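# Structure at a glance
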Amino acid sequence: MASGAQSGAALARAKTAHEAGDLRKADRLYRRILRQNPDNAAALNLYGILASQRGDSKRAVQRLQRAVAVDGDTLDYRVNLGIVLESAKNFAAAYDHYVFALERDPRNQNLLSRISEAAREGNRHDDFALLLETLCADHPDYAEAHFLLGLARYILHRPEEAVEPLRRATALAPSFIQAHANLASVLMDLGRPDEALASCSDCLRLNPGDSYALATQAIAFLETGAPARARQLLDSDALLEVHTLTPPPGFSDISAFNDELEAAVMAHPSLRVDPNHRSCHFASQTDDLFQEAVEPFASLHTLVKGAADKYRRKLDPSATHPFLKNPVPRTELIGWATTMRAQGHQSAHIHPTSWLSAVYYVRVPDLVQRGDNAHKGWIEFGRPPEHYPITKEPDVTFIEPVEGKLILFPSYFYHRTVPYEDDALRISIAFDFDPTFAE
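The structure displayed is predicted, hence computed values, not measured ones.

Rules and cut-offs
- Residues numbered from 1 in each chain as written.
- Predicted model: local features only at pLDDT ≥ 70, side-chain atom pairs only at ≥ 80, totals over all residues.
- Heavy atoms only, no water.
- Helix = DSSP H or I, 4+ residues; strand = E, 2+ residues; numbered from the N terminus.
- Rg over C-alpha atoms; globule rule 2.2 N^0.38 Å.
- Buried < 20%, exposed > 50% of the residue type's maximum accessible area, 1.4 Å probe, protein only.
- Contact = heavy atoms within 4.5 Å.
- Areas by Shrake-Rupley, 256 points an atom, 1.4 Å probe, with all protein chains shown as cover.
- Expected span 1.5 Å × (residues − 1).
- Arc of directions from axis to C-beta.
- Patch = residues over 30% accessible without salt bridge, like charges linked within 9 Å, V, L, I, M, F, W, Y side chains within 5 Å.
- Salt bridge = Lys/Arg side-chain N within 4 Å of Asp/Glu carboxyl O.
- Lys, Arg positive; Asp, Glu negative; His and termini not counted.
- Charge placed at Lys NZ, Arg CZ, Asp CG, Glu CD.
- Phe/Tyr/Trp six-rings, centres within 6.5 Å; stacked < 30°, edge-to-face > 60°.
- Axes fitted to C-alpha atoms, helices over the stretch in contact; angles between N-to-C directions.
- Parallel < 35°, antiparallel > 145°, perpendicular 65-115°, else oblique.
- Nonpolar A, V, L, I, M, F, W, Y, C, P; charged D, E, K, R; others polar.
- Pairing = 2+ DSSP bridges.
- Polar contact = N/O pair within 3.5 Å; in protein donor to acceptor, adjacent residues only side chain to side chain.
- Core = buried A, V, L, I, M, F, W, Y, C linked by side-chain atoms within 4.5 Å.

### Quick look at the overall build of the protein
- Within the protein one finds 18 helices and 10 strands.
- Computed over C-alpha atoms, the radius of gyration of the protein comes to 25 Å, within 12% of the 22 Å expected from 2.2 N^0.38 for 439 residues, which places it in the range of a compact globule.
- Considering only C-alpha atoms, the protein reaches an extent of 80 × 60 × 45 Å along its principal axes.
- In the protein, which comprises 439 residues, the share counted as buried stands at 51%.
- The contacts of the protein with a sequence gap of at least 6 include a subset with a gap of at least 24, amounting to 67%.
- On the protein, roughly 20300 Å² of surface is accessible, and the fraction owed to carbon and sulfur atoms is 50%.

Shown next as structure tokens:
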């Protein structure tokens, strides 16, 4: 058995190699430490992190579980195990480890955000709401906890119970943009458009381009008898752009490029059926296609970014439109593919954290392109989600999907795809220019 000083020095050397990116050397040094002391929790923790970095989630979980078994009171080990379990899609187990850590560090907002995500992905909304009720009772000045409690109750279809904690969050933190925006949405859901407008105004004073608030404001304007103001916000002629992409270098035409995109999408390791908590139904989606600069997605990234750069020229500080007069935010381009067949569709949704969004059509069934199909398989802009108690018919815009077509639109525009019956494959790739991911 090595002495404590020797073990500490050996672990420091292994950690230095690890942090320097020399994973082979770090692996060798961690194994040497653990041969001498299999219960070295610090080494097990770091060795588990290394395994996760190498993509070996099974070994990562095993090592981190061992670290927690040896020393369950070190919260970092619990949190790291939760992160690895999340990456392995074991959200329920991740949730439990995060909760254990939160009980010992209840004001840790990063940890609370991780629990929120694990609850969402693991469908633990009831458990999370109960946890938050206790947390708010014990810490009545904790704005983030009140905000998340409001969201949890809303997700559980209890909007009337969501208002109070969201109002409490805005009172505790008047500059809490998300709390104002979500309070507006809940009030709109309850058929209280005048109050929703007031909350939208509070949000937009803090963040004039907030997509969630602009989307709710447009609905509330229509419901309160101000259709002209709603139409201004949702001016499709001014704010929608349609481009036909030219093939990138190395492709004879856009059809050849789409063939390669189709093959890459269908083989993508993250493609999964009806991913949880997304707007697609009877469909499959991928995760972000741009996490690595690989073809053909890298070429698509370049084409879409070029189109967005042209779109940015619309922006003008002297404009009267609230979207066009805002300065260009720094954004990161993310993109994901959606594949669907018969009855596949996306319900009305917005992209609330983003500034500008887009969709590109890779494969479109013949039925969708027919002129007599009642817009089946088309994209529709302007219709709010069904859960809003709308009494006024909104103006809507339909755009036909065509292979090689790119549509750009403000992220606050509600949009959906109309279901279709044909069993032929439909593939689209959606994009967000997202300020929250910009470095």
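### Concerning helix H12 (residues 193-206)
- A rise of 1.5 Å per residue sets the reference length of H12, with its 14 residues, at 20 Å; its end C-alpha atoms lie 20 Å apart and thus fit the reference within 8%.
- Looking at H12, one finds that the buried residues are Pro 193, Ala 196, Leu 197, Ser 199, Cys 200, Cys 203 and Leu 204. Down the axis of H12, the smallest arc covering the buried residues is 165°, so these residues share one side. Facing away from the buried side of H12, by more than 90 degrees, are the exposed residues Asp 194 and Arg 205.
- Against the buried residues of H12 lie helix H11 (177-189) and helix H13 (211-223).

### Notes on a positive patch on the surface
- On the surface, Arg 13, Arg 24, Lys 25, Arg 28, Arg 32 and Arg 35 cluster together to form a positively charged patch.
- Mapped onto the secondary structure, Arg 35 falls in helix H2 (residues 23-36).
- For Arg 35, a relative accessible area of 60% corresponds to the exposed category.

### Considering the packing of aromatic side chains
- Taken as a whole and judged by the stated rule, the model has nine aromatic pairs.
- When the ring of Tyr 30 is compared with that of Tyr 47, the centres are 5.7 Å apart and the planes differ by 45°; the resulting orientation is tilted. Of the two residues, Tyr 30 is situated in helix H2 and Tyr 47 in helix H3 (residues 41-53); the sequence distance between them amounts to 17 residues. The two residues Tyr 30 and Tyr 47 agree in class, both being buried.
- Relative to Phe 176, the ring of Phe 147 lies with its centre 4.8 Å away and its plane at 45°, an arrangement referred to as tilted.

### Overview of the packing of helix H7 (residues 109-121) against helix H9 (residues 143-155)
- Between H7 and H9, the shortest axis-to-axis distance is 11 Å and the interhelical angle comes to 10°. For the element pair H7 / H9, the angle class is roughly parallel. Judged by residue contacts, Gln 109, Leu 112, Ser 113 and Ser 116 of H7 engage Glu 144, Ala 145 and Leu 148 from H9.
- For the contact of H7 with H9, the class distribution of residues is three nonpolar, three polar and one charged.

### A few points about the sheet that holds strand E4 (residues 332-346)
- Taken in spatial order, the seven strands of this open sheet run E1-E8-E5-E10-E4-E3-E2, and their pairing is antiparallel. The open sheet has two edge strands with one neighbour each: strand E1 (241-244) and strand E2 (272-273).
- When E2 meets strand E3 (residues 280-285), the two strands line up antiparallel, connected through two bridges. Of the residues in E3, the one forming a bridge with Arg 272 is Gln 285.
- Packing against the sheet, helix H16 (residues 254-266) makes contact with E4, strand E5 (356-363) and strand E10 (426-434), and its axis sits at approximately 100° to E5.

### Here we look at the sheet that holds strand E7 (residues 397-399)
- The strand order across the open sheet built from three strands is E7-E6-E9, with neighbouring strands paired in antiparallel fashion. The open sheet has two edge strands with one neighbour each: E7 and strand E9 (415-417). For this sheet, the mean inter-axis angle between neighbouring strands, taken without regard to orientation, is 25°.
- Strand direction decides the pairing type here: strand E6 (residues 379-381) and E7, joined by three bridges, are antiparallel. What sits directly across from Ile 379, in E7, is Ile 399.

### What about the side chain of Glu 86?
- If you trace the backbone, Glu 86 turns up in helix H5 (residues 75-87).
- Despite its burial, Glu 86 pairs with no opposite charge; the closest candidate is Arg 114, at 4.1 Å N-O.
- Within the structure, Glu 86 has its side chain in polar contact with the side chain of Tyr 98 (distance 2.6 Å).

### Comments concerning the nonpolar core
- The biggest cluster of nonpolar side chains holds 135 residues, and the ones touching the most others in it are Phe 128, Tyr 360 and Phe 431.
- Here this core takes nine residues from H13, the largest share from any one element.

### Thoughts on the pattern of salt bridges
- Tallied over the full model, the rule gives 28 salt bridges.
- Note that Asp 395 and Arg 231 form a salt bridge whose closest N and O atoms lie 2.7 Å from each other. Placement of the pair is Asp 395 in the loop between E6 and E7 and Arg 231 in helix H14 (residues 227-233), with a sequence separation of 164 residues.
- A salt bridge links Arg 383 to Glu 380, with the shortest nitrogen-to-oxygen separation between them at 3.3 Å.
- Salt bridges sharing common partners tie together Glu 133, Arg 153, Arg 158 and Glu 161.

### A short note on unusual backbone geometry
- Here the amide bond leading from Glu 295 into Pro 296 is cis, since omega sits at 5°, within 30 degrees of zero.
- Of note, Pro 296 is situated in the loop between E3 and helix H17 (297-311).
- Within the chain, Asn 123 stands out as a residue other than glycine whose phi angle is a positive 55°.
- By the secondary structure assignment, Asn 123 is in the loop between H7 and helix H8 (125-138).

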